[in-house]
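# Commentary on secondary and tertiary structure
Here is how the chains run, residue by residue.
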Amino acid sequence: MIRKSYIFILALAMTGCAGSENNFTPQQTSSSLGSTTPAASADPATPPVAAPTPAPTTYQNPVVLPPPRASNAPNLKVCGSSTNLAGIDVSSYDPNTNWSQVSHANAKFAFIKATEGVTLGNRYFASDWQNSKMAGVVRGAYHFFHPNDDPIQQADFYLNTIGDFATSDMPAMFDWETTDNISTAQQISVALKWLRYVEKKTGKIPVLYTDTSFWNGLGNPQGFERYPLFIAHYGVDCPSVPPPWSNWTIWQRGIGPFSGVQATNADLDVFNGLLAD
């Protein structure tokens, strides 16, 4: 995504990670990718009832988010443990992806560009969306956001392109890496409109993709901490997390060749999460 104009539990039995040599095993801290808007607390007078065990492809959000960090707080270098998963993201710059090879190379998830603005679609999206699922890769779709376009029109364009989300699909991903030369206040307003609208329509809390320097340039705005962070930070052992977040959910760690991706390089991602059978 940076090279081209992104806190859940993957409920799958998986092992291993992939990277530029298809054997990358990064470090991380545990977290989860939020799937639905939290339910209200139970009546304290009522004895607690154990929640049913989720279906193997259902996402959960069992983690209480920490309070947001102040906008003037420093960036945090956040590493993780060996339970990370490897994945990729692709767009129209990546034609004819062989998803069976991607899966065999140990990519456990993938984000596929669906739309940009209000008119630009990825001509490979439909085939990638279908074939990635058939290959056993947990799929997600992202929208490249333009702050100067109407946010609801952008959201509807994105949702209509995807159709219905399957239970096994990852939440929507909101790719925010351009200002379109409008004020920061305007950008924040329209971004929140997109995020809240898509959450309401899908029942899943979207993931927010950005990079540290871009977010710092916006002044580290508040109000986005509920959206799991997909942080782009290349060439480092551990990414820097800007306020208001205290942790990352997915890290785009760089670009490199990946089996099944026909382009010279793919975007290489790491999921900072837990596995459940």
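Residues numbered from 1 in each chain as written. Predicted model: local features only at pLDDT ≥ 70, side-chain atom pairs only at ≥ 80, totals over all residues. Heavy atoms only, no water.

### Details of the side chain of Asp211
Here Asp211 is to be found in strand β7 (residues 207-211). Asp211 sits in the buried class, given a relative accessible area of 14%. For Asp211, the side chain forms a polar contact with the side chain of Ser213, separated by 2.6 Å. (Helix = DSSP H or I, 4+ residues; strand = E, 2+ residues; numbered from the N terminus. Buried < 20%, exposed > 50% of the residue type's maximum accessible area, 1.4 Å probe, protein only. Polar contact = N/O pair within 3.5 Å; in protein donor to acceptor, adjacent residues only side chain to side chain.)

### Digging into the confidence of the model for the protein chain
Per-residue pLDDT for the protein chain has a mean of 82; in total, 75% of the residues score no lower than 70. Across residues 3-32 the pLDDT falls below 50, and counting only partners more than four positions away or on other chains, this stretch makes 150 contacts in the model. Across residues 34-63, where pLDDT falls below 50, the model places 51 contacts with residues more than four positions away in sequence or in other chains. (pLDDT = per-residue confidence, 0-100. Contact = heavy atoms within 4.5 Å.)

### Some remarks on the pattern of salt bridges
Within the structure shown, the criterion is met by three salt bridges. Taking the shortest distance from any N to any O, the salt bridge between Lys113 and Glu116 comes out at 2.6 Å. Residue Lys113 shares its accessibility class with Glu116, and that shared class is buried. The salt bridge partner of Asp169 is Arg139, with a shortest N-O separation of 2.6 Å. (Salt bridge = Lys/Arg side-chain N within 4 Å of Asp/Glu carboxyl O.)

### Describing the nonpolar core
Ranked by internal contacts, the top residues of the largest apolar core, which has 48 residues, are Ile88, Tyr158, Trp176, Trp194, Phe224 and Phe258. In terms of residues, this core owes the most to one element, helix α4 (residues 184-202), which gives seven residues. What Ile88 contacts, discounting residues up to four positions off in sequence, is Trp99, Val102, Phe109, Ala110, Phe111, Phe258, Val261, Asp267, Leu268 and Asp269. Counting 13 residues, the second largest nonpolar core, distinct from the first, contains Met170, Met173, Tyr209 and Phe271. (Core = buried A, V, L, I, M, F, W, Y, C linked by side-chain atoms within 4.5 Å.)

### A short note on helix α3 (residues 151-162)
Since one α-helical turn is 3.6 residues long, residues separated by three or four positions face the same way. With twelve residues, α3 ought to run about 16 Å at 1.5 Å a step, and its terminal C-alpha atoms sit 17 Å apart, in line with that. Within α3 the residues assigned to the buried category are Pro151, Gln154, Ala155, Tyr158, Leu159 and Ile162. One side of α3 holds all its buried residues, which, seen down the axis, span an arc of 125 degrees. Along α3, the residues that are exposed and aim more than 90 degrees away from the buried face are Gln153 and Asn160. Those residues of α3 that are buried lie in contact with β3 (109-116), α2 (125-134), β5 (138-144), β6 (173-175) and α4. Its side-chain oxygen placed 3.0 Å from the backbone nitrogen of Ile152, Asp150 serves as the N-cap of α3. (Expected span 1.5 Å × (residues − 1). Arc of directions from axis to C-beta.)

### Overview of unusual backbone geometry
In terms of backbone geometry, most residues other than glycine have negative phi values and most peptide bonds are trans. That bond from Pro243 to Pro244 is cis: its omega, 10 degrees, falls within 30 degrees of zero. Mapped onto the secondary structure, Pro244 falls in the loop between β9 (240-241) and β10 (250-256). Even without being glycine, Asn96 reaches a positive phi, approximately 55 degrees. Its location among the elements puts Asn96 in the loop between β2 (85-90) and α1 (99-104). Despite not being glycine, Asp180 shows a phi value in the positive range, around 55 degrees. Tracing the backbone through its elements, the reader meets Asp180 in the loop between β6 and α4.

### Focus on the environment of Val102
Position of Val102 relative to the elements: it lies in helix α1. Look at Val102 and you get buried, because its relative accessible area is 0%.

### Description of the packing of aromatic side chains
Taken as a whole, this structure holds 16 aromatic pairs when the rule is applied. Seen from their ring centres, Phe174 and Trp194 are 4.8 Å apart, and the 40 degrees between their planes marks the pair as tilted. Of this pair, Phe174 sits in strand β6 while Trp194 sits in helix α4; the two residues are 20 residues apart in sequence, bridging distant segments of the chain. In terms of burial, Phe174 and Trp194 fall into one category: buried. Three or more aromatic residues joined by ring pairs make a cluster, and in this case those are Phe145, Tyr158, Phe165, Phe174, Trp176, Trp194, Phe214, Trp215, Phe224 and Trp245. (Phe/Tyr/Trp six-rings, centres within 6.5 Å; stacked < 30°, edge-to-face > 60°.)

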